[in-house]
Amino acid sequence: MPQFHESGGAPFALYKTIFPLSVSAALSETPGWLATALVGLALAGDGYSTAVAGTFASGPAAGVIAMSIVLPGIARRFGVVRVFYFAALVLVASLLCLVAAERTGSLWLWGIGSFGVGLGASMRWVLSDGFVNRLAISAHRGRLLAFHETIRSCALGLGPLIAAYSTDDPAQGFMIGIAAAIIGALITIGITLPQVTTGRARLSDLTKGIRLAPFAFAVAFLGGILEGVAAAAVPLYAVTLGLSAAAGALLAALSGFGNIIGQVPFGAYADTSGPRPAIRGALILAIIALAILHPVMTSPFASYAVILGFGAAAGALYTLSVMEASNIAAADVGLLPILAAIAIVYTVGDLLGPIIGGIALELAPPAAMPAIFVAGCALTLLFARKSRGNG
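Let me sum up the structure you'll find in this document.

Rules used in this analysis
- Residues numbered from 1 in each chain as written.
- Predicted model: local features only at pLDDT ≥ 70, side-chain atom pairs only at ≥ 80, totals over all residues.
- Heavy atoms only, no water.
- Core = buried A, V, L, I, M, F, W, Y, C linked by side-chain atoms within 4.5 Å.
- Buried < 20%, exposed > 50% of the residue type's maximum accessible area, 1.4 Å probe, protein only.
- Helix = DSSP H or I, 4+ residues; strand = E, 2+ residues; numbered from the N terminus.
- Contact = heavy atoms within 4.5 Å.
- 1 Å grid on protein atoms, 1.4 Å probe; cavity = no way out; pocket = protein on both sides within 12 Å on 5 of 7 lines; lining within 4 Å.
- Points joined across faces, edges and corners; volume = space filled by probe spheres on them.
- Nonpolar A, V, L, I, M, F, W, Y, C, P; charged D, E, K, R; others polar.
- Salt bridge = Lys/Arg side-chain N within 4 Å of Asp/Glu carboxyl O.
- Expected span 1.5 Å × (residues − 1).
- Phe/Tyr/Trp six-rings, centres within 6.5 Å; stacked < 30°, edge-to-face > 60°.
- Lys NZ or Arg CZ within 6 Å of the ring centre and 35° of its normal.
- Axes fitted to C-alpha atoms, helices over the stretch in contact; angles between N-to-C directions.
- Parallel < 35°, antiparallel > 145°, perpendicular 65-115°, else oblique.
- Left-handed = near helix turned anticlockwise from the far one by under 90°.

**As for the nonpolar core**
Alright, step 1. If you look at the biggest cluster of nonpolar residues, it comprises 87 residues, and the most contacted ones within it are Leu127, Phe217, Leu226, Leu317, Leu320, Ile342 and Met369.
Alright, step 2. Per-element tally for this core: the top contributor is helix α10 (residues 214-240), with 16 residues.
Alright, step 3. Setting aside its immediate chain neighbours within four residues, Leu127 contacts Leu71, Val80, Val83, Phe84 and Leu336.
Alright, step 4. Among the nonpolar cores identified, the runner-up in size contains 22 residues, and Leu98, Ala101, Ala163 and Phe174 belong to it.

Structure follows, in structure tokens:
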């Protein structure tokens, strides 16, 4: 492990160590965001309702939740490194299911493949975050985590971007996802991975972490909702307003790239002022972007700018929730249980976001969808002002 001093900046060697882990995480998560966008669009194209399409698009999120609950125990039993590499096999097998689903039209295969992609992505995501959190222990922790999340967040842009160019042939998009998963596994071979504490690997560790840092987990939950909305509900929203499926997927991709842009500024702000003020800033940006989303949807460049800002705010919420929760609770229950619990509540949000968005589009005027999520951000901002925490 690279050496550094708490009083100084993080050396280049530390960034160099984190870089391949971050790239691997991005490539491993790309299939999850690809499936989140493309499964819903493919089913909508086959004539299914937006509610059904949004529900199946949440399959990867459901897989992440299921795996995150048991991941600390699995990692403790079989070893963190073995589980880390086994996840790539799970991703490839699940993506092959989605290729078969697209060819056969089987809803069972759509469901199994989507869920399996979430299982594999969860293992790679949570363990990669664990490795990087273990390394990022200098005074520049916010910037180091933001560096990792900036690269990892490329998945939020790459997945929907692949989907945007695969709407005519979804199977081709899923094959690209297979290539990404394989490359993501290969580039970490030979790296000496740091130890990640698994705690007692009991479910009580996950719930204790939530009790110790409720605001951090509320922020992670909202961040998951917003990113799920961006990846799956925004494309359906665009189609409802008369835009093409490719245009909707492009908006999802731009949100992902906004996530990339926002990580370092919010991470640096958290280093200087604490996670809590940075969280408030991200919430205010999300509220503004959502409030003006509907009026600008028919203007390409204006909608692109708003979606970029929305993605920057949504992505920063996850990173900042990790900082706040690990600062408060990791010493009591272990780092991996905290990250797994964050992944669970974040992904519950990611699971609910497309479902809520799809149902809203089905039952209410299109303008109601962003208004619902403005209300959620406003409630969390109120929680931020009333609760105690860093900053």
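**Observations regarding empty space enclosed by the protein**
Alright, step 1. For the structure shown, the criterion picks out 3 cavities of 30 Å³ or more.
Alright, step 2. Looking at the largest cavity, its volume works out to about 150 Å³.
Alright, step 3. In terms of lining residues, the largest cavity is bounded by 16 residues, among which Glu29, Trp33, Val64, Trp125 and Asp350 are the most central.
Alright, step 4. Of all the elements in the fold, those that place two or more residues in the lining of the largest cavity are α1 (12-45), α3 (59-78), α5 (107-135) and α14 (335-363).
Alright, step 5. Here the lining of the largest cavity gets 4 residues from one element, more than from any other, and that element is α1.
Alright, step 6. Taken together, the residues that form the lining of the largest cavity break down as 8 nonpolar, 4 polar and 4 charged.
Alright, step 7. Of the voids in this model, the second largest cavity is the one considered here, and its volume is about 70 Å³.
Alright, step 8. Put simply, the parts of the chain that give the lining of the second largest cavity at least two residues each are α7 (154-164), α10, α11 (245-273) and α13 (300-333).
Alright, step 9. It is α11 that contributes the most residues to the lining of the second largest cavity, 4 residues altogether.

**Here we look at α7**
Alright, step 1. Of all 11 residues making up α7, 8 are buried, and the element is well covered by its neighbours.
Alright, step 2. Residues of α7 that are buried in the fold lie against α1, α6 (141-152), α8 (170-186), α10 and α11.

**Section: the pattern of salt bridges**
Alright, step 1. Considering all chains together, one arrives at 7 salt bridges under this definition.
Alright, step 2. Among the ionic pairs, Arg103 bridges to Asp169, the shortest N-O distance being 3.5 Å. Here Asp169 lies in the loop between α7 and α8 and Arg103 lies in helix α4 (residues 80-104), a separation of 66 residues in the sequence.
Alright, step 3. Note that Arg152 and Asp129 form a salt bridge whose closest N and O atoms lie 3.8 Å from each other. In this pair, Arg152 sits in helix α6 while Asp129 sits in helix α5, placing the two residues 23 residues apart along the sequence.
Alright, step 4. Judged by relative accessible area, Arg152 falls into the buried class, the value being 5%.

**A word on α6**
Since one α-helical turn is 3.6 residues long, residues separated by three or four positions face the same way.
Alright, step 1. A rise of 1.5 Å per residue sets the reference length of α6, with its 12 residues, at 16 Å; its end C-alpha atoms lie 16 Å apart and thus fit the reference within 8%.
Alright, step 2. Counting buried residues in α6 gives 10 out of 12 residues, a clear majority hidden from the surface.
Alright, step 3. Every buried residue of α6 is listed here: Arg141, Gly142, Leu144, Leu145, Ala146, His148, Glu149, Thr150, Ile151 and Arg152.

**Points about the packing of aromatic side chains**
Alright, step 1. Counting across every chain of the model gives 9 aromatic pairs.
Alright, step 2. Ring pairing ties together the aromatic residues Phe84, Tyr85 and Phe131, which thus form one cluster.
Alright, step 3. When the ring centre of Phe84 is taken as origin, the NZ or CZ atom of Arg124, which lies over that ring, is 3.8 Å away.

**Side note on the packing of α3 against α5**
Alright, step 1. Viewed as axis vectors pointing N to C, α3 and α5 meet at an angle of 50°, and their least axial separation amounts to 6 Å. As far as their axial angle goes, α5 and α3 are oblique. Remark: the crossing between α3 and α5 carries right-handed chirality. Mapping the contact onto sequence places Gly59, Pro60, Ala62, Gly63, Val64, Ala66, Met67, Ser68 and Leu71 in α3 and Ser114, Phe115, Gly118, Leu119, Ser122, Met123, Trp125, Val126 and Leu127 in α5.
Alright, step 2. Split by residue class, the contact of α3 with α5 holds 12 nonpolar, 6 polar and no charged.

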